[in-house]
Amino acid sequence: MGEPRIRDALDQVPEYRAGKPPAPGSGPSYKLSSNENPYGMLPRAEEAVREAATRVHRYPDMGARLLYEALAQRHGVAPERLAAATGSVAVLYHLLQAVCEPGDEVVYAWRSFEAYPIAVRLVGATPVEVPVTPTAEHDLEAMADAISPRTRVVVLCTPNNPTGPAISGADVLAFVRRVPADVLVVVDEAYVEFVRPAVDTARGGALPIVADHDNVVVLRTFSKAYGLAGLRVGYAVAPERIASAVRKVALPFGVSDLAQVAAVASLDDEDVMRERVEHLVSERTRVLAGLRAAGWFVPDSQANFVWLPTGAETMDVAAAFEQRGVSVRPFPGDGIRVTIGEDEANDLVLEVARGLSR
Ligand SMILES: *Cc1c(COP(=O)(O)O)cnc(C)c1O
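Residues numbered from 1 in each chain as written. Predicted model: local features only at pLDDT ≥ 70, side-chain atom pairs only at ≥ 80, totals over all residues. Heavy atoms only, no water.

Looking at an unreviewed UniProt entry, one finds the protein named Aromatic amino acid aminotransferase and attributed to Mumia flava. Quoted verbatim from the Sequence similarities (unreviewed entry) field of UniProt, the annotation for the protein is "Belongs to the class-II pyridoxal-phosphate-dependent aminotransferase family." You can read under Subunit (unreviewed entry) in the UniProt record for the protein the words "Homodimer." (UniProt positions renumbered as here; feature names shortened; annotations may be inferred.)

Take a look at the structure:
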């Protein structure tokens, strides 16, 4: 008699595997599996959220007017060039829904962010994965060569999750110049605040490239540096017609009132954000140096995590971390991503890593 039909495209969709919380055990435990900020939200955001908690029986401002105004001012762009959604992953989903037909191709590096293959397959498009270099960087040459007449989108992840290296602004620009004007280049800058030497996060990164090109979009999020992962808010800075298409696709009332006020207040508390990020960056430097001194090969990281290319030993090494109360993010057969957390958590990471012979 049959049963309700589910689209064939979904057969190809892997399920998103979220970072696990640490297994309960004795001693302190640390969740270093999801690249979260260990310090919580910014003080002004917390204040705003407390105040807004009294009105959660109301729908949020559907136009997210204050959020768009604050972002427009920060980036020096018209609000029409912005599109916010429930995290920058949602923005990417909306973007692909807006531009991809079934059978279209989306090019991205691999290994990169695991949301990409899911998002691409959900719209019935075909992923074209271009291997990263031996030092875990985007192979921009090969990515440009992978563009075909079916290619609608290329995603650049900088810094690259989960491997760590960033792409320089000059290299992004050179790449964009090689891409046909009808192919969208999405630059996912989820970790831009952690890049050193520091990028001007308000006006720099790939934002100047967006200003000059009708086919370039930058994605930003409040989930990492700003510590709002649980509230779900991210956005695109894009050419006006692209931003408008993304806003059409987005769920109405998607970004909650709490998320809107927290994001706005966070933009007004950036000194604290920068202090916290600076400390995490110095911890990253310490962890990278400690791992290398212990004999590990670790690619450069410009984000709030490091990548251990553990290959076939991945699950064993992950188990060794778990046993000590450190939850990490293993990618079986490939490597392990370890978030930079509290100082004590990072101490423990180094201790465990030193104990594993390399
Ligand atoms: C964390 C992350 C995001 C942002 O996720 P949100 O949906 O905004 O929480 C986007 N891109 C990459 C590569 C990430 O690692």
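Let us keep going from here.
J.: Looking at this model, I keep getting lost on the site of the ligand. Mind explaining?
T.: Near the ligand there are 13 residues, and of these Asp188, Tyr191, Thr221, Ser223 and Lys224 occur at the shortest range. Val89 has a polar backbone atom sitting 3.1 Å from an oxygen atom of the ligand. Note that an oxygen atom of the ligand is positioned 2.6 Å from one of the side-chain N or O atoms of Ser223. Coverage of the ligand by the protein amounts to 94% of the 380 Å² it exposes when considered alone. Residues belonging to the shell around the ligand are distributed by class as follows: five nonpolar, five polar and three charged. (Near = heavy atom within 4 Å. Polar contact = N/O pair within 3.5 Å; in protein donor to acceptor, adjacent residues only side chain to side chain. Areas by Shrake-Rupley, 256 points an atom, 1.4 Å probe, with all protein chains shown as cover. Nonpolar A, V, L, I, M, F, W, Y, C, P; charged D, E, K, R; others polar.)

J.: When you look at the packing of helix H10 (residues 270–293) against helix H12 (residues 343–355) in this model, what are you seeing that I'm missing?
T.: The description of two helices packed together rests on the angle between their axes and the distance between the axes. Taken N-terminus to C-terminus, the directions of H10 and H12 make an angle of 10°; their axes are 10 Å apart at the nearest point. Judged by the inter-axis angle, H10 sits roughly parallel to H12. Contacts between H10 and H12 involve His279, Glu283, Arg286, Val287, Gly290 and Leu291 from the first element and Asp343, Asn346, Asp347, Leu350, Ala353 and Arg354 from the second. In terms of residue class, the contact of H10 with H12 is built from four nonpolar, three polar and five charged. (Axes fitted to C-alpha atoms, helices over the stretch in contact; angles between N-to-C directions. Helix = DSSP H or I, 4+ residues; strand = E, 2+ residues; numbered from the N terminus. Parallel < 35°, antiparallel > 145°, perpendicular 65-115°, else oblique. Contact = heavy atoms within 4.5 Å.)

J.: Please explain helix H3 (residues 88–99) as it appears in this structure.
T.: Two residues of an α-helix separated by three or four positions point the same way, owing to the 3.6 residues in each turn. Across its 12 residues, H3 extends 16 Å between first and last C-alpha, which sits within 8% of the 16 Å expected from 1.5 Å per residue. Among the residues of H3, Ser88, Ala90, Val91, Leu92, His94, Leu95 and Leu96 are the ones counted as buried. (Expected span 1.5 Å × (residues − 1). Buried < 20%, exposed > 50% of the residue type's maximum accessible area, 1.4 Å probe, protein only.)

J.: How do you make sense of the packing of aromatic side chains when you look at a structure like this?
T.: Each aromatic ring pair is specified by the distance between its two centres and by the angle formed by the two planes. Under the definition given, this model contains eight aromatic pairs. Seen from their ring centres, Tyr59 and Phe253 are 4.7 Å apart, and the 35° between their planes marks the pair as tilted. Residue Tyr59 is located in the loop between helix H1 (43–52) and helix H2 (65–75), and its partner Phe253 is located in the loop between helix H8 (240–249) and helix H9 (257–267); the two are separated by 194 residues in the primary sequence. Exposure remark for Tyr59: the relative accessible area of 66% places this residue in the exposed category. In this structure Phe253 comes out as partly exposed when scored by relative accessible area, which is 35%. Judged by centre distance (5.8 Å) and plane angle (50°), the rings of Trp307 and Phe331 are tilted. Here Trp307 is found in strand E9 (residues 305–308), whereas its partner Phe331 is found in strand E11 (residues 329–331), with 24 residues between them in sequence. In this pair, the class of Trp307 matches that of Phe331, namely buried. The cationic tip of Arg329 hangs over the ring face of Phe331; the distance from NZ or CZ to the ring centre is 4.5 Å. (Phe/Tyr/Trp six-rings, centres within 6.5 Å; stacked < 30°, edge-to-face > 60°. Lys NZ or Arg CZ within 6 Å of the ring centre and 35° of its normal.)

J.: So what exactly am I meant to see when it comes to the sheet that holds strand E12 (residues 335–339) here?
T.: Across a sheet, paired strands are connected by hydrogen bonds in the backbone, their directions being either parallel or antiparallel. One open sheet accounts for three strands, arranged E9-E12-E11; its pairing is antiparallel. Of all strands in the sheet, those bounded by a partner on one side alone are E9 and E11. The sheet shows a mean angle of 20° between the axes of neighbouring strands, taken without regard to direction. Pairing geometry for E11 and E12, over three bridges, is antiparallel. Looking at E12, one finds that Phe331 is bridged to Gly335. (Pairing = 2+ DSSP bridges.)

J.: What am I meant to see in the layout of surface pockets here?
T.: Counted as a void, the largest pocket has a volume near 450 Å³. The wall of the largest pocket is formed by 29 residues, among which Tyr16, Ser34, Val89, Phe113 and Lys224 lie closest to the centre. Secondary structure elements with two or more residues in the lining of the largest pocket: H3 and strand E7 (216–221). Looking at which element gives the most residues to the lining of the largest pocket, the answer is H3, with three residues. Counting contributing residues per domain, the lining of the largest pocket is built from domain 1 (19–41 + 269–356) and domain 2 (43–267), each supplying no fewer than three. Along the walls of the second largest pocket sit 18 residues, with Met62, Ala84, Ala250, Leu251 and Gly254 positioned nearest its centre. Counting residues per element, the ones that place at least two in the lining of the second largest pocket are strand E2 (82–85) and H3. Residue composition of the lining of the second largest pocket, by class: 11 nonpolar, five polar and two charged. (1 Å grid on protein atoms, 1.4 Å probe; cavity = no way out; pocket = protein on both sides within 12 Å on 5 of 7 lines; lining within 4 Å. Points joined across faces, edges and corners; volume = space filled by probe spheres on them. Domains from an automatic or database assignment.)

J.: Help me understand empty space enclosed by the protein in this model?
T.: To find leftover empty space, a probe the size of one water molecule is rolled over the atoms. Tallying each qualifying case throughout the model produces one cavity of 30 Å³ or more. One number sums up the size of the largest cavity: a volume of about 30 Å³. What lines the largest cavity is simply Arg74, Glu193, Arg220, Thr221, Phe222, Tyr226 and Tyr235.

J.: Would you mind showing me how to read the nonpolar core here?
T.: Generally speaking, a soluble globular protein has its nonpolar side chains buried in company with each other. Ranked by internal contacts, the top residues of the largest apolar core, which has 85 residues, are Met143, Leu156, Phe175, Phe222 and Leu291. Mapped onto the domain boundaries, this core takes at least three residues apiece from domain 1 (19–41 + 269–356) and domain 2 (43–267). (Core = buried A, V, L, I, M, F, W, Y, C linked by side-chain atoms within 4.5 Å.)

J.: For this particular structure, what's the right way to read the sheet that holds strand E8 (residues 234–237)?
T.: With mixed pairing, the seven strands of this open sheet are ordered in space as E2-E8-E7-E6-E5-E3-E4. Strands at the two margins of the open sheet, each flanked by one partner only, are E2 and strand E4 (126–131). The average undirected angle you get between the axes of adjacent strands in this sheet is 20°. Two elements, strand E3 (residues 105–110) and E4, share six bridges in a ladder whose sense is parallel. Residue pairing in the sheet places Trp110 in a bridge with Pro131 of E4. Of the strands in this sheet, E2, E3, strand E5 (151–157), strand E6 (184–188), E7 and E8 touch H3, which is tilted by about 155° from E7. Most of the contacts of helix H4 (residues 115–122) go to E3, to which it runs at about 170°, and overall it touches E3, E4, E5 and E6.

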